[in-house]
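Coordinate inspection notes
The primary structure of each chain is shown beneath.
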Amino acid sequence: MYLDDIPLQRGTLFAAVYDSPIAHGKIISLDINEASQSPGVIKVIAAKDIPGENQIGGIVPDEELLAHEHVHFCGMPIVLVIAETEEFAREAAKKVKAVIEPLHVITDPREAKAKNELIIPPRTFRCGDVAQAWKECQHVFSGRADSNGQEHLYIETQGAYAIPMENNSIRIFSSTQGPTAVQRCCARVLGYPMHRIEVDVTRLGGGFGGKEDQANAWAALCALGVHHVKRPVKFSLHRMEDMRMTGKRHPYSSDYKIGLDKNLKIIAYEVDFYQNAGAAADLSPAVLERTLFHCTNSYFIPNVRATAYSCRTHLPPNTAFRGFGGPQGMFVIESAIAKAAEEIGVHPDEIQKKNLIQTGDKFPYGQSAVSDAVECWNEAEKIYDVRKIRKEVETFNSKNFLFKKGMAFIPICFGISFTKTLMNQARALVHIYTDGSVSVATGAVEMGQGINTKILQVASKIFSLSPAKVRIQPTSTDKIANTSPSAASSTADLNGKATMMACEKLLERLKQRAAEELKTTPEKISIKDEFVYSNDEKTKLTWKDLVMLTYVSRISLSEHAHYATPEINFDLTKEKGHPFAYHVYGTAILIATIDCLRGTYEFDAVKVVHDIGSGMSPMVDLGQCEGGIVQGIGWMTMEEIVYDKDGRLRSNALSTYKVPDVYSVPKEISVKFLENDNNNLAVFRSKAVGEPPLMYGIGAFFALRNAIKAFNPAARPVFSSPMTPEKVLMSLHKKPVAEVQKTI
Ligand code: LUZ
Ligand code: MOS
């Protein structure tokens, strides 16, 4: 059941907003008369009608729900209209008349930085002594790398449905990754205690980070409508509204300097990241932090200075997107390595391979690696026969003039845990009913990633029950409170571990009761395939009978367990600690073919060795890998977000914003899972798989770049993604390259 599948109550009304037509300005006057008299309109609501705080900023209180005196981005909601139908609501919204005095618009993070328009003070991660290290370098290179944003394009757009309930409470169905975030935000806007807001989530048609924080506003608008009109209110955005009004992946512009010794060991790295945060903080400070954590990707670099600036511009606030700043940081180090390789005259993979982080090496933030980076790389070289691939690419290139192939390696490393330590907690509520069936509730949100399958596996495995006897409940704030969003690739670990704990507690009680019944001790009891075993011998006592016996003895068949990730910590004053439960590693080899006449391209293959630990749901995990890879390739190649200098989104529809379709999927995606057994903080030692595979897509940029250089060895394509067919075409010919460089 998605939001739009929920049957509507009689009397349901619909919301629409009048949103800012300009990116920055002062509201001089607002005339809602005509809108209020428009057919079917029940109520028109502005900032002054908000009973609580007109504030939805989670990390920094810098974002109004409805613009009061100023607008800060094109698409910022100003007025909420509640009407009898969706059409009436949207028609009325068009009749709002606002006079807005335009102010200077900033779209470029470097301009924002120069004007000191920062969301938070800059942060710097350091290790070793960079100044000293340059002196020991044989090679030093510097340059610039830019990566663009990315539209989430969840198939289900943002939306919510709020219903008035007894005792002045409100029940909200929301398409959110973070039910508690929605609850907290609605309570704040209405000035209600949180217990008067219940948030329910059935299933999302995709999130990808876009609904970690940005589902809040639409739910709060519906709740605000309910508060005023005391009738159910629904709002689900049209695709173009969603594209225009919501934030995306953060574009980054970065300057790097890299130093290597004569053996191609990277000994120094300096980088400045300019994050385009948009008009409000949203999750930008947390995204910024993850960029710093992943600025050295899966390499060991002894001397690092990395500084990150979160720059306030007049774009919709950018937000979480699969990888959460990590991919942006990794793109820069990969660019630096590609640049060094180009200047020195070696294959980039020579440098990459020589610098992979090994067990015991420290990341710049102080955590020691328990690394499978080298193992993944070596396994990929071996099972995919890299020498043969290289040979085939070279042979193809020597025989073809108008088609060229390029290959690239991309190792990845992703830290698993919310970087904010306190968020790494979860709870599970498990009931066993008297017929032996089981219900599990957690804070996890199913958004297509297969979390319900994994939680179901946990419960059915611990109880040794058929999966048909277990049901995973829709997520709800009244079943499980104070949840972290389903994000950070940690949902299965956190909620799975909590489920495990609750099930184990119940199992203990059941065993105790069985021992009494069978006149033995609990240690001798086990339960297998719905039968009780005593001393490993099957008895006549079934699971179902045991459950009934336990109930009859007035022993609780319910358990609520709490899990908090052990071992993790981080000291913000020193920027050092052990923030991650563990890291996920992997290596991909990508092969691309470009058409040098047209600039178009295809991906022949993506061949991956991925560190899975001990995979518990191989099909779910493979699905995450394939989807992540295609989404990553989309970000690096064809998905081009364009805002004009006035801050207006030009790529505002699927006709102007191209995402990968079935034809642009690589012809081959091979994933070999590298199994190991050393990650006890992963649920059943099955390592997190949500975000890491996206970063294999970064290899697409470099495979294309290498193909361009096969056509024109003098070409120096700029490190600016996405590498669209237009950019490929311009880069193929030496002269225009300089011009392209000037304009980017
Ligand atoms: N969300 C968050 C995330 O709040 N903190 C994180 O560290 C994170 N990482 C990845 C994706 N979402
Ligand atoms: Mo996410 S980017 O894990 O919401």
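Quantities reported herein were computed from a predicted structural model and do not represent experimental measurements. Residues take numbers from 1 onward in each chain, read along the sequence in its written order. To label them, take the chains in the order written and letter them from A, then take the ligands in the order written and number them from 1. At least 70 in pLDDT is required for a residue's local features to be given in this predicted model, at least 80 for side-chain atom pairs to be given and counted, and no such filter applies to totals for whole chains, interfaces and linings, which use all residues. Water and hydrogen atoms were dropped before computing side-chain values, which therefore reflect all heavy atoms in the structure.

1. Some points on the overall build of the chain
Cut-off, in case you're wondering: For the purposes of this entry, the term helix denotes a DSSP run of H or I that reaches at least four residues, the term strand denotes a run of E that reaches at least two, and both are numbered from the N terminus. Atoms counted for the radius of gyration: C-alpha only. Globule rule: 2.2 Å times residue count to the power 0.38. Any residue under 20% of the maximum accessible area for its type is buried, any over 50% is exposed, and the rest in between are partly exposed; the area is computed with a 1.4 Å probe on protein chains only.
Counting its regular elements, the chain contains 19 helices and 29 strands. Over its C-alpha trace the chain gives a radius of gyration of 27 Å, about what one expects of a compact globule, namely 27 Å for 744 residues. Dimensions of the chain, computed from the C-alpha atoms along their principal axes, are close to 80 × 75 × 50 Å. Every one of the 744 residues in the chain was classed for burial, and the buried ones make up 62%.

2. Digging into the sheet that holds strand S11 (residues 197–201)
What counts, and what does not: Strands are labelled as partners when DSSP assigns at least two bridges between them. Throughout, a contact is declared for two residues whenever any of their heavy atoms are within 4.5 Å. Note on geometry: axes are C-alpha line fits, over the in-contact stretch for helices, and angles between N-to-C directions span 0 to 180 degrees.
If you walk across this open sheet you meet the eight strands as S3-S5-S1-S12-S9-S10-S11-S20, and the pairing is mixed. With partners counted over all chains shown, the strands left at the sheet margins are strand S3 (41–45) and strand S20 (475–476), one partner each. As defined by bridge partners, strand S9 (residues 159–164) adjoins strand S12 (residues 233–236) across four bridges and the pair is classed as antiparallel. Bridging across to S12, Tyr161 finds its partner in Lys234. Along the sheet face, helix H2 (residues 86–93) touches strand S1 (13–19), S3, strand S5 (77–83) and S12 and points at about 25° away from the line of S1.

3. Comments concerning the pairing of strand S7 (residues 123–127)
Of the two faces of S7, the one holding Arg123, Phe125 and Cys127 is buried and the one holding Thr124 and Arg126 is not buried anywhere. Strand direction decides the pairing type here: S7 and strand S15 (residues 303–312), joined by five bridges, are antiparallel. The residue bridging Thr124 from the neighbouring strand is Thr307, located in S15.

4. Some remarks on the pairing of S9
S9 sits mainly inside the fold: five of its six residues count as buried. When S9 meets strand S10 (residues 170–174), the two strands line up antiparallel, connected through five bridges. The partner of Pro164 across the bridge, within S10, is Ile170. In sequence, S9 turns back onto S10 through a hairpin of five residues, with Asn167 there showing a positive phi of about 55°.

5. As for unusual backbone geometry
The omega torsion of the bond from Ser721 to Pro722 falls at 5°, within 30 degrees of zero and hence cis. In this structure, Pro722 sits in the loop between helix H17 (698–711) and helix H18 (725–732). Positive phi values are uncommon outside glycine, yet Lys230 reaches one of about 55°. Considering the arrangement of structural elements, one finds Lys230 in the loop between helix H6 (216–229) and S12. Positive phi values are uncommon outside glycine, yet Arg685 reaches one of about 60°. Relative to the assigned elements, Arg685 resides in the loop between strand S29 (668–675) and H17. Looking at Arg685, the relative accessible area reads 29%, which means it is partly exposed.

6. Remarks on the nonpolar core
The line we're drawing: What we call a nonpolar core is a set of buried Ala, Val, Leu, Ile, Met, Phe, Trp, Tyr and Cys residues that are connected through their side-chain atoms within 4.5 Å.
Ranked by size, the top nonpolar core spans 119 residues in total, and within it Ile258, Tyr269, Phe273 and Ile594 carry the most contacts. Among the nonpolar cores identified, the runner-up in size contains 43 residues, and Ala162, Cys186, Leu190 and Val233 belong to it.

7. Observations concerning empty space enclosed by the protein
Filter applied, for reference: A 1.4 Å probe that fits into a set of points on a 1 Å grid over the protein atoms alone but cannot get out defines a cavity; an open set with protein on both sides within 12 Å along at least five of seven lines defines a pocket, and lining residues are those with an atom within 4 Å of a point. Grid points are joined across faces, edges and corners, and a volume is the space filled by probe spheres set on the points.
According to the stated counting rule, one finds six cavities of 30 Å³ or more in the structure shown. The space that makes up the largest cavity amounts to roughly 200 Å³. If you go around the largest cavity, you meet 17 residues; those closest to its centre are Ile56, Glu63, Gln214, Ala217 and Trp218. Considering every element that reaches the lining of the largest cavity, the biggest residue donor is H6, with three residues.

8. Structural notes on H2
Here is the rule: Think of the arc as the fan of directions from the helix axis to the C-beta atoms.
Buried within H2 we find Ala89, Arg90, Ala92 and Ala93. For H2, the arc enclosing every buried residue in end-on projection is 160°, short of the 170-degree limit, so these residues lie on one face. Along its buried surface, H2 packs onto S1, helix H1 (33–36), S3, S5, S12 and helix H7 (239–245).

9. A few points about a nonpolar patch on the surface
Quick reminder of the rule: The patches reported here contain residues having more than 30% relative accessible area and no salt bridge. Joining distances are 9 Å for like charges and 5 Å for nonpolar side chains (Val, Leu, Ile, Met, Phe, Trp, Tyr). Throughout, the Shrake-Rupley method with a 1.4 Å probe supplies accessible areas, and for residues the shown protein chains are the sole cover considered. Here a salt bridge means any side-chain nitrogen of Lys or Arg lying within 4 Å of a carboxyl oxygen belonging to Asp or Glu.
Residues Phe401, Leu402, Phe403 and Leu597 make up a contiguous nonpolar surface patch of about 410 Å² in total accessible area. With respect to the secondary-structure elements, Phe403 resides in strand S16 (residues 403–416).

10. Description of the confidence of the model for the chain
Filter applied, for reference: pLDDT is a residue-level measure of predictor confidence that goes from 0 to 100.
For the chain, per-residue confidence averages 97 on the pLDDT scale, and residues scoring 70 or more make up 99% of the total. Predicted confidence is poor over residues 736–741, with pLDDT under 50, and the contacts of this stretch with residues over four places away or in other chains come to seven contacts.

11. What about the packing of aromatic side chains?
For any pair of aromatic rings, geometry is given as the distance between the ring centres together with the angle between the planes. Here is the rule we go by: Only the six-membered ring of Trp is used, alongside the rings of Phe and Tyr, when aromatic pairs are assigned; centres must lie within 6.5 Å, and planes under 30 degrees apart are stacked while those over 60 apart are edge-to-face, with the rest tilted.
Throughout the structure, instances matching the rule amount to 21 aromatic pairs. Between the aromatic rings of Phe331 and Phe702, the centroid separation amounts to 5.9 Å while the plane-to-plane angle is 40°, which identifies the pairing as tilted. Here Phe331, found in helix H9 (residues 326–344), pairs with Phe702, found in helix H17; they are 371 residues apart in sequence, far enough to count as distant. We note that Phe331, like Phe702, is buried.

12. A word on the pattern of salt bridges
For the structure shown, the criterion picks out 46 salt bridges. For the salt bridge of Arg123 with Glu289, the shortest nitrogen-to-oxygen distance reads 2.7 Å. With Arg123 in strand S7 and Glu289 in helix H8 (residues 284–293), this residue pair connects regions lying 166 residues apart in the sequence. Take Arg123 and Glu289: they sit in the same class, and that class is buried. Among the salt bridges present, the one from Glu559 reaches Lys505, with a minimum N-O distance of 3.7 Å. In this pair, Glu559 is assigned in strand S24 (residues 558–564) and Lys505 in helix H14 (residues 491–518), connecting sequence segments 54 residues apart. By relative accessible area, which is 45% here, Lys505 ends up partly exposed. Counted as one network, the salt bridges with shared partners bring together Glu342, Arg705, Lys709 and Arg716.

13. What to know about the site of ligand 1
Threshold: Near, as used in this document, describes a residue that has one of its heavy atoms within 4 Å of the molecule or strand being considered. The definition of a polar contact used here is a pair of N or O atoms within 3.5 Å, where within protein one atom must be able to donate a hydrogen and the other to accept one, and adjacent residues in sequence count solely through side-chain atom pairs. Polar here means any residue outside two lists: the nonpolar Ala, Val, Leu, Ile, Met, Phe, Trp, Tyr, Cys and Pro, and the charged Asp, Glu, Lys and Arg; Gly therefore counts as polar.
Around ligand 1, the structure places Glu212, Arg290, Phe324, Phe418, Thr419, Met423, Ala487, Ala488 and Glu691. Here a nitrogen atom of ligand 1 and a side-chain polar atom of Glu212 are 2.7 Å apart. Thr419 has a polar backbone atom sitting 3.0 Å from an oxygen atom of ligand 1. Summarising the interface, the protein chains cover 96% of the accessible area of ligand 1, which totals 290 Å² for the free molecule. Here the residues of the shell around ligand 1 are counted per class, giving five nonpolar, one polar and three charged.

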